[in-house]
Amino acid sequence: MLSIKEYQTVTSISGPLMMVEMVDEAKYGHIVDVELGDGSIRHGQILQVENDKVLVQVFEGTHGIDVNRSTVRFLAKPLELAVSPDILGRVFSGLGEPKDNGPAVIPDKRVDINGNPINPYARDYPNEFIQTGISTIDGLNPLVRGQKLPIFSGAGLPHDDITAQIARQATVLGGGEFAVVFAAMGITFEAAQFFIDDLQETGAIERAVMFINLANDPAIERIATPRFALTAAEYLAFDLDMHVLVILNDMTNYCEALREISAARKEVPGRRGYPGYLYTDLATIYERAGRIKGKKGSITMVPVLTMPEDDKTHPVPDLTGYITEGQIILSRSLHRKAISPPVDVLPSLSRLKDKGIGEGKTREDHADLYNQLYAAYARGKEAQELATIMGEAALSEEDKKYMLFANKFEARYVSQNYYENRSIQTTLDLGWELLSMFENAELKRIDVKLIEKYMPKFRKTNGNTSNE
Amino acid sequence: MSETREARVVKVAGPVVVAEGMAGARMYDVVRVGKLSLIGEIVELNGDFASIQVYEETTGLGPGEPVIDTGEALSVELGPGLIESIYDGIQRPLDWLYKAEGEFMSRGRAIPGLNREKKWHFKPTIKNGDVVGPGDIIGEVAETTLLTHKIMVPAGISGTVQKISEGDYTVVETIAVCTAEDGTETELKLMQKCPVRNARSVRNRLAPNQILVTGQRVIDTFFPIGKGGTACVPGPFGTGKTVVQHQLAKWVDADIVVYVGCGERGNEMTDVLTEFPKLKDPRSGEPLMKRSVLIANTSNMPVAAREASVYTGITIAEYFRDMGCTVALMADSTSRWAEAMREISTRLEEMPAEEGYPAYLGARIAAFYERAGRVECIGSPQREGALSIIGAVSPPGGDLSDSVVQATLHVVKVFWSLQARLAYQRHFPAIDWLTSYSFYKEYLKNCFEDKDRGDEMDELIVKAMALLEQEAELLEIVRLVGAEALSPANRLSLETARSIREDFLHQNAFHEVDTHTSMAKQYEMLKTILHFHKQALAAIESGVETAEISKLAVREQIARAKYIPQDDIAKITQIRKTIDEQMKELQTVSS
Ligand SMILES: Nc1ncnc2c1ncn2[C@@H]1O[C@H](COP(=O)(O)OP(=O)(O)OP(=O)(O)O)[C@@H](O)[C@H]1O
Ligand SMILES: [Mg+2]
């Protein structure tokens, strides 16, 4: 075994970074302990080694560290999480230390939190439908086991209610509950507590693991937090055969911490000051979701991020969207119209839906139905917009009909209570009911056979709305 | 294998490592770094120091660890066994890695690209005593039901062939001996090695003169790509770049498809791996996997190997082209490749140009697309091959002024512009018909055996495009003064343009029938839509109301024509008869 080496050769400190010199045997990516003059301990990780000079990022920040009286210990290992089945039900800090006054975890093993990439050949394609009970997700953007589907939100929008609802209601058809791994990065105490209380009420807390870094906790720590969470998730999924739902909230705060390090290193900044490697860095987090051949468990991931100024093209949502398998976007204008959850249907997307739905999974009409709902709603939205510019009178009869559809769709399909758990059948039937205001011939995206099979029921209950 | 004296790591900064004691090493040599023997490549030499991009995660590596120069340039192995393989960015077979190391990628493992144990049946096509040179075909291996693999003499070798005989060989066994004029003997094998950074030579470059039929209507009809041509698909996230690439990989009329998943999602590669063996090539009925090679260096795999993946892919593609095949290479996404270049460049502390990209970005992109083309291959017998490149581009925020998009548009001949607006409406493929372009349009008519039909198709396309352009203008007017202001003929134009968009351009990749459309069916569909337009226009002129025309039952048939199976396309011709009948009825009613 390597003995742990100690140095008192800190030469400079700048922002969250610290330079230590005359070090031998330092390794890239390994961790250090920094003991301050007052005996308190900070944690750091090696970002670069050149000869005997070592650049360290300090997770708790460098305030109060002085060059003369600090001792740096090189621990000769990467950041690790101690895992065992006992992590269930526990709350940890953003750096993986128990935060709930519970005992230390007696580890089955210690795992490098950076993990290793899943061999693409070892992946199993996600194809099991998860019912969240939310129509805009289940009906239009179905989530499947092993998918990474983020929520793009904005300041003041109700993403916390939606994630809590998903965690509360998510089930796989034919039964099967999720273990929940929750990583909080820089969110408020209130937001974190809301989520925890919700899990407590349903008893799901027994099957949950939390890593909590709050808004007033050290910012740099947030770089490690999602990695701790995913390491726990991988252990639960691939060692203990559990289906795990990982919620990462809020990824924007994570990215800001990364930006801070990058700025301190004086790296060439990319868009809006974020480092050029932000895409790759985020990918090493998001790509840890998935299923693996021959393993029973799975990791489904719902990251949450707030879009600065509601701007989808901001680097954080933009690069996230380039990696994840779709996105659920919340809309401020729907929120203002008091439509909740305010899911902006058109730009939202689930890319893995196609193999998770249909006969034997949800229902044979599912795919055609969402295609038609999308087409009709898109047209209705256009009409809504035209009406705001020109006034409703300027719309053609056709356009008026589509606008009416869009309004009904928002009021009935999109809108639902945060405690309303709609079965997939209810959601699908609701789609037919709304479409019944159109002639069969207008429903070009639906197979004639399906129209013949499903529509009559809804035409009857709806009387003659089809003839205006 | 030359071992340089005492080469040691002095610096580790992410994927870039600096080593000293490297005097004598060459640029682009492959090296093994550290105690874990990580695989790397020299990308900068400076006196005794070399900067190395490491193809594997460098955590745990530190100064003082050894570096070994293998003396070989980064190369791929070419020979039987490539087809149906899935490789990482430096040609390590992912299926073998999985069997050897488990579900997660580990480090320091050098696995050869081609299976060393498997025996292939080799049939010579030349005899002992024949004189051969580079590129000459000396024999064949029936690799898959879709590919007869031609065994060629590697670059730099010529002479008289001896000891060639039919039989079963592994890729490293000697199948013949070639004696040069100066008496040096070279053993020929089923396999050859080829460095990836430079293009393989060709005898002559020729201009494309044919369309690569993709079965995607908006592409084939409006913005076709040539055999040997280049195309790019830029678009914001979620607009359908990958679906376009997958669709092409499935349905393109090429002999070989090389699919490079460069810095994208793991599940997308799994999708290909699970789908392709099930899908049948429409021409031969064989599983599509039997003509495909996959390179998967996903976004979470090391970035240096991502940078290399594009070169690994293109070199494999060129090799098949040299056999005389028509090859299509898809790279999804070239932006991730460019970003990998940027990251390495930043770590090398090179002077950045725009958006932090290195100044040589444009040159590298151009050099990559230049490796496409229709060529006369070197060696005998005389043959032609073609290599088309289709690159996805993922600009930040979908902004087309991005450096990678701009550098790409400088060199490619086809531009499929994906629009978020169309994707949100679920109009797929979300290729914007007004801003996209193709320089290969003139070759479309060559797809039709009947020359008149080819000419007619050209006319139909011009008419359809004119209607789409007119639609954009008319919609502008509607936005300003309302729909009431339009003449009946204009209103019909809007209807027909909508029909072109919804009934022709819109194509569902996930619908069993709609997923690909033969050229013959594309012609029938477009002709029918425009036939309706012509007849409707005549009806309007004779006083029929546009509203009456929109209500005709035959319009639903036109809309559903896309779902008519290939074998039944006569039914589409039939729709035109129905149009005539229903129009006639209208006119008799109204007069
Ligand atoms: N031709 C098509 N038919 C049906 N659906 C399509 C088609 N093209 C795209 N889609 C839908 O759009 C989604 C996004 O497409 P895709 O994954 O190809 O986007 P992308 O441009 O590659 O995004 P990214 O840059 O994030 O990788 C698909 O999952 C699918 O649902
Ligand atoms: Mg893609």
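Residues numbered from 1 in each chain as written. Chains lettered and ligands numbered in written order. Predicted model: local features only at pLDDT ≥ 70, side-chain atom pairs only at ≥ 80, totals over all residues. Heavy atoms only, no water.

## A closer look at the overall build of chain B
- Broken down by element type, chain B carries 15 helices and 28 strands.
- Against the 2.2 N^0.38 benchmark of 25 Å for 591 residues, chain B shows a C-alpha radius of gyration of 28 Å, consistent with a compact globule.
- With the principal axes as the frame, chain B shows a C-alpha extent of 100 × 55 × 40 Å.
- Sequence separation of at least 24 residues holds for 69% of the intrachain contacts in chain B that already meet a minimum separation of 6.
- Working note: accessible area of chain B is about 22100 Å², and carbon and sulfur atoms make up 51% of it. (Helix = DSSP H or I, 4+ residues; strand = E, 2+ residues; numbered from the N terminus. Rg over C-alpha atoms; globule rule 2.2 N^0.38 Å. Contact = heavy atoms within 4.5 Å. Areas by Shrake-Rupley, 256 points an atom, 1.4 Å probe, with all protein chains shown as cover.)

## Observations regarding the sheet that holds strand β13 (residues 143-144) of chain A
All names here are of chain A.
- The strand order across the open sheet built from 3 strands is β13-β12-β15, with neighbouring strands paired in antiparallel fashion. If you trace the sheet from one side to the other, it starts and ends with β13 and β15 (171-172), each paired once.
- Sheet analysis places strand β12 (residues 129-131) next to β13, joined by 2 bridges and oriented antiparallel. Counted as the bridge partner of I130 is L143 from β13. (Pairing = 2+ DSSP bridges.)

## Describing the site of ligand 1
- Around ligand 1 sit 20 residues, and of these K353(A), K241(B), T242(B), V243(B) and R265(B) come closest.
- Within the backbone of G321(A), an N or O atom sits 3.5 Å from an oxygen atom of ligand 1.
- In this structure, G240(B) approaches ligand 1 through a main-chain N or O atom, which is 3.0 Å from an oxygen atom.
- When ligand 1 is considered free in solution it has 630 Å² of accessible area, and contact with the protein chains removes 95% of it. (Near = heavy atom within 4 Å. Polar contact = N/O pair within 3.5 Å; in protein donor to acceptor, adjacent residues only side chain to side chain.)

## Overview of the packing of helix α11 (residues 488-505) of chain B against helix α12 (residues 519-541) of chain B
All names here are of chain B.
- The interhelical angle for the contact between α11 and α12, taken along N-to-C directions, is 165°, at an axis separation of 10 Å. In terms of axis orientation, α11 runs roughly antiparallel to α12. α12 is crossed by α11, and the crossing has right-handed handedness. Here P488, A489, L492, S493, T496, S499, I500, D503 and F504 of α11 come into contact with α12, specifically with Q522, M525, L526, I529, L530, H533, A536, L537 and I540.
- Each residue belonging to the contact of α11 with α12 can be placed in one class, and the counts come to 12 nonpolar, 5 polar and 1 charged. (Axes fitted to C-alpha atoms, helices over the stretch in contact; angles between N-to-C directions. Parallel < 35°, antiparallel > 145°, perpendicular 65-115°, else oblique. Left-handed = near helix turned anticlockwise from the far one by under 90°. Nonpolar A, V, L, I, M, F, W, Y, C, P; charged D, E, K, R; others polar.)

## Focus: the domain arrangement of chain A
All names here are of chain A.
- The domain boundaries assigned to chain A delineate domain 1 (5-77), domain 2 (81-355) and domain 3 (366-461).
- One C-alpha centre belongs to domain 1, the other to domain 2, and the line joining them spans 30 Å.
- Taken together, the 12 residues of domain 1 in the interface contact 12 residues of domain 2.
- Between domain 1 and domain 2 lies a buried interface of about 970 Å² when both sides are counted; carbon and sulfur atoms form 64% of it.
- It is P16, Q57 and F59 that lose the most area in domain 1 upon contact with domain 2, and together they represent 47% of the buried surface on that side.
- On inspection of domain 1 and its partner domain 2, the count reaches 0 salt bridges.
- Taken together, the links from domain 1 to domain 2 amount to 2 residue pairs in polar contact (both at pLDDT 80 or more).
- Looking at the side of domain 1 that touches domain 2, the elements that each hand over two or more residues are β5 (41-50) and β6 (53-58).
- Broken down by element, the side of domain 1 that touches domain 2 gets its largest block of residues, 4 residues, from β5. (Domains from an automatic or database assignment. Buried area = accessible area lost by both parts, 1.4 Å probe. Salt bridge = Lys/Arg side-chain N within 4 Å of Asp/Glu carboxyl O.)

## A word on helix α3 (residues 241-251) of chain B
- With respect to burial, α3(B) is a largely interior element, 10 of its 11 residues being buried.
- Buried within α3(B) we find K241(B), T242(B), V244(B), Q245(B), H246(B), Q247(B), L248(B), A249(B), K250(B) and W251(B). (Buried < 20%, exposed > 50% of the residue type's maximum accessible area, 1.4 Å probe, protein only.)

## Regarding the interface of chain A and chain B
- At the interface, 77 residues of chain A touch 76 residues of chain B.
- Carbon and sulfur atoms make up 55% of the surface buried where chain A meets chain B, a total of about 6400 Å² over both sides.
- Viewed at the interface, chain B and chain A are joined by 7 salt bridges.
- R347(B) is the partner of E267(A) in a salt bridge, and the nearest nitrogen-oxygen pair spans 3.4 Å.
- Taken together, the links from chain A to chain B amount to 31 residue pairs in polar contact (both at pLDDT 80 or more).
- Listed by contribution, the elements that provide at least two residues to the side of chain A that touches chain B are β5, β11 (123-124), α4 (225-239), α6 (278-286), α7 (315-323), α9 (366-390) and α12 (448-461) of chain A.
- Top contributing element to the side of chain A that touches chain B by residue count: α9(A), with 7 residues.
- Across the side of chain A that touches chain B, the residue classes tally to 36 nonpolar, 18 polar and 23 charged.

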